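Understanding the architecture of this molecule
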Amino acid sequence: MQCPNAVPECLIDRNRKPMSKILIVADVKGGEVRKSSLELLGKAAADGLTAEAVLIGAGVEGQADVLAGHGAAKVYVADDASLENFAVDRYTAAAADAVGQSAPDMVWLSASETGKALGPALAARMEAAFVSDCIAVDLSDGEVVVLRPAMATKVIQKVRIKKDGLKVITVRSGAFDAADAGPKPADVTALSIPEGDGRIVVKEVVQEQTGRVDLGDAGTIVSVGRGVKGPEGVEFVRPLADLLEAGYGASRAVVDSGWMPFDLQVGQTGRVVSPDVYFAIGISGAIQHLAGMSGSKLIVAVNKDPDAPIFSVADYGIVGDLFKVVPVLIEEIKKHKT
Amino acid sequence: MNIIVLVKSVIDVELNIRVKDGEVVKDGLNYILSKWDENALEAALQLKEAGDGEVTAVTVGPDRAGEALRKALAMGADKGVHVNDPAAAGSDAFGIAKILAKVIQRNAFDLVIAGRQSQDTDLGATGPVLAELLGVPLAVNVIEIDPKPAGGKLNIKRKGDVGVELIEIALPALLTANDSLNEPRLASLRGIMAARKKPMDILTLSDLGIDPETVGAAGSGIEIVEFQPPPQRAAGQKFEGEPEEIARQVVELLANEAKIFA
Ligand SMILES: Cc1cc2nc3c(=O)[nH]c(=O)nc-3n(C[C@H](O)[C@H](O)[C@H](O)COP(=O)(O)OP(=O)(O)OC[C@H]3O[C@@H](n4cnc5c(N)ncnc54)[C@H](O)[C@@H]3O)c2cc1C
Ligand SMILES: Nc1ncnc2c1ncn2[C@@H]1O[C@H](COP(=O)(O)O)[C@@H](O)[C@H]1O
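Conventions adopted
Residues numbered from 1 in each chain as written. Chains lettered and ligands numbered in written order. Predicted model: local features only at pLDDT ≥ 70, side-chain atom pairs only at ≥ 80, totals over all residues. Heavy atoms only, no water. Pairing = 2+ DSSP bridges. Helix = DSSP H or I, 4+ residues; strand = E, 2+ residues; numbered from the N terminus. Axes fitted to C-alpha atoms, helices over the stretch in contact; angles between N-to-C directions. Near = heavy atom within 4 Å. Polar contact = N/O pair within 3.5 Å; in protein donor to acceptor, adjacent residues only side chain to side chain. Domains from an automatic or database assignment. Nonpolar A, V, L, I, M, F, W, Y, C, P; charged D, E, K, R; others polar. Contact = heavy atoms within 4.5 Å. Buried area = accessible area lost by both parts, 1.4 Å probe. Salt bridge = Lys/Arg side-chain N within 4 Å of Asp/Glu carboxyl O.

Now for the sheet that holds strand β10 (residues 155-161) of chain A. Within the open sheet, the four strands sit side by side as β8(A)-β9(A)-β10(A)-β14(B). Their pairing is antiparallel. In the strand order of this sheet, the two ends are held by β8 (136-138) of chain A together with β14 (222-228) of chain B, each with one partner. With direction set aside, neighbouring strand axes in the sheet form an average angle of 25 degrees.

Next up, the structure:
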């Protein structure tokens, strides 16, 4: 910015180029673009921005049409067997190639585990400014101002990106709405397939037996904590989740005990979820768990300790023994369901 | 193995945190070693114990960061490096990583372990940015480390979106620790006594040949405009009494008020 005299008038940069082009790095799971990526396209469309997308993986090219249907004007695709598993070196190289070709003002990624690795790695590679975990993004005035939770969601930071040039952010799922759009033929640009330098070799990916309903997409989630006492307790509560067609999650205590797989951990270092309804069964409500679910619209808690911190966020708090309460919940809900 | 552990002094977020006039109220705050850095340190100590080597804890921060460093030494790190320079205040992840890179590159190293994110910012960028600056391979969100490196490579597991990834990573490398990686040890009384005698290097930016304009608030790409309190949830209802009765009441409310079965 040229500012001959230090007049306040000059602080308003009238020539500032408005943010106009966004490159969205799509997340793919089970061969399909995840909803969180479509939400990013939804935000770009709502803000009247040009959106392009990057698709990286094996057998993913068909998904380009899904991205186009949601507004991606161009889709950069790196589709190769060597990209089947996420590897931060190869994925960063492919994404950097797309950034070079697209020359966007910003790169948006989902704040998934992939985005959490790829986002800062890509920002570092491109010497771009970086902010993670955004829940609101304001691009008016040609500036980027975001809101993001910090300190285990005990505060919200309002952050302005002041660095010129490329800006990379990760965004929490559920922050924006995805359009209800079908696929359409995409304008595809093939990226060259990056060669790893052999320093990172992904030998195997152990896919976990996840629940029937993905936690990220679930409208209702039932989660269990150490209060279920063991694997039998996990099975004892499961019919409640099944009845509600809910995602079935867990606290870290349950996952650490090996009663449920890692994939189902809700919390700061597990999945961050914001369903319409969240049932916390036998979960104390440690801040790290709350940080992952306190954005739920309605929270129901069952805990035998009336002072459990979970009650501070619960809309409906049931003080009682879950082994007595859950069967009644199931019976009563059945009555309403029929 | 020469292992570097990155440690940061952070606000203890388990305690009550208040926001007023766009700022976090400083009164009553307590500062601790960030939890994920304890996991990083524990992993380093276990690697050292399984083989040999030396663990160096490095921090960038004001005087109080020295306490976090002392704690790392009390837990078992062999030596500490404290970059204490007012010009480093307000650094973003790029500034911190730039400083850390200068410190680390003074000696040969095999492994750098950072926390997955720091508890005060929950940012999760410093590790990946530093890996890029050091030019070493990166694995984020590590949940298991095989303590026996073979042929200059380390076998680790990280948690990704699809499942647990088994990765072989060539040393030198940079890892970031998930809290499920281990259960950090407590500092023993002996450890605390021993920590007082362990070497601690205190450095300024000029010792490292870093231009202060390129780091700190001046060099930062981002600026925190303000802090806001998190959205408040409406006060909830608590039900106590006969399980049969209160469970029935809540289902009624879910059906009629919240209309979740509609
Ligand atoms: C850095 C860090 C990151 C973390 N990340 C996460 C995370 O991502 N997710 C997460 O969940 N945790 C996380 N944790 C762990 C967290 O601090 C808690 O330890 C954990 O959430 C506790 O799980 P819990 O509530 O199931 O167990 P507990 O705290 O043991 O609570 C069990 C609850 O069950 C109740 N109960 C017992 N029996 C019954 C019964 N019969 N009927 C009804 N209620 C009963 C008890 O009153 C108690 O409140 C993290 C911790 C750290 C330090
Ligand atoms: N000032 C610092 N000094 C030393 N290490 C740091 C510092 N800031 C961040 N780190 C390391 O980087 C990790 C992630 O931090 P962040 O990117 O701020 O979330 C932390 O857990 C530390 O291991």
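What follows picks up the thread again.
A separate point is the sheet that holds strand β15 (residues 247-250) of chain A. On the basis of which strands lie adjacent, the open sheet formed by six strands has the order β15(A)-β14(A)-β16(A)-β17(A)-β18(A)-β15(B) and parallel pairing. This sheet does not close on itself; its edge strands, each paired only once, are β15 of chain A together with β15 (237-240) of chain B. The average undirected angle you get between the axes of adjacent strands in this sheet is 15 degrees. Relative to β15 of chain A, strand β14 (residues 220-224) of chain A is paired through four bridges, and the arrangement is parallel.

Not every one of the 29 residues close to ligand 1 is listed here, only the nearest: Arg226, Ser251, Ser284, Gln288 and Asn303 of chain A. Taken together, the residues near ligand 1 originate from chains A and B. Take His289 of chain A: an N or O atom from its side chain is 2.8 Å from an oxygen atom of ligand 1. Within the backbone of Lys304 of chain A, a nitrogen or oxygen atom sits 3.1 Å from a nitrogen atom of ligand 1.

Further remarks concern the domain arrangement of chain B. Once the domains are mapped, chain B shows domain 1 (2-219) and domain 2 (232-262). Relative to domain 2 of chain B, the C-alpha centre of domain 1 of chain B lies at a distance of 45 Å.

This part covers the site of ligand 2. Residues and elements named next belong to chain B. In the vicinity of ligand 2, 17 residues are found, and the nearest of them are Asp37, Val60, Ser118, Gly124 and Thr126. Asp37 places a side-chain nitrogen or oxygen 2.4 Å from an oxygen atom of ligand 2. Contact distances for ligand 2 include 2.9 Å between an oxygen atom and a backbone N or O atom of Gly115. Elements with a minimum of two residues in the shell around ligand 2: β6 (54-60) and β8 (111-115). Looking at which element gives the most residues to the shell around ligand 2, the answer is β6, with three residues. When the residues that make up the shell around ligand 2 are grouped by side-chain class, the tally is eight nonpolar, seven polar and two charged.

At the junction of the two partners, chain B supplies 80 residues and chain A supplies 82 residues. Note on chain B versus chain A: buried area summed over both sides is about 7,100 Å², and carbon and sulfur give 58% of it. Where chain B touches chain A, the interface holds eight salt bridges. Taking the shortest distance from any N to any O, the salt bridge between Glu113 of chain A and Arg116 of chain B comes out at 3.1 Å. Breaking the side of chain B that touches chain A down by element, the ones donating at least two residues are α4 (126-134), β9 (138-145), β10 (153-159), β11 (163-170), β14, β15 and α7 (243-256) of chain B. A per-element tally of the side of chain B that touches chain A places α7 of chain B first, with 11 residues. Among the residues forming the side of chain B that touches chain A, the class breakdown is 44 nonpolar, 16 polar and 20 charged. Direction of pairing for β10 of chain A relative to β14 of chain B: antiparallel, over a ladder of six bridges. Counterpart to Ile156 of chain A in the pairing with β14 of chain B is Gln228 of chain B.

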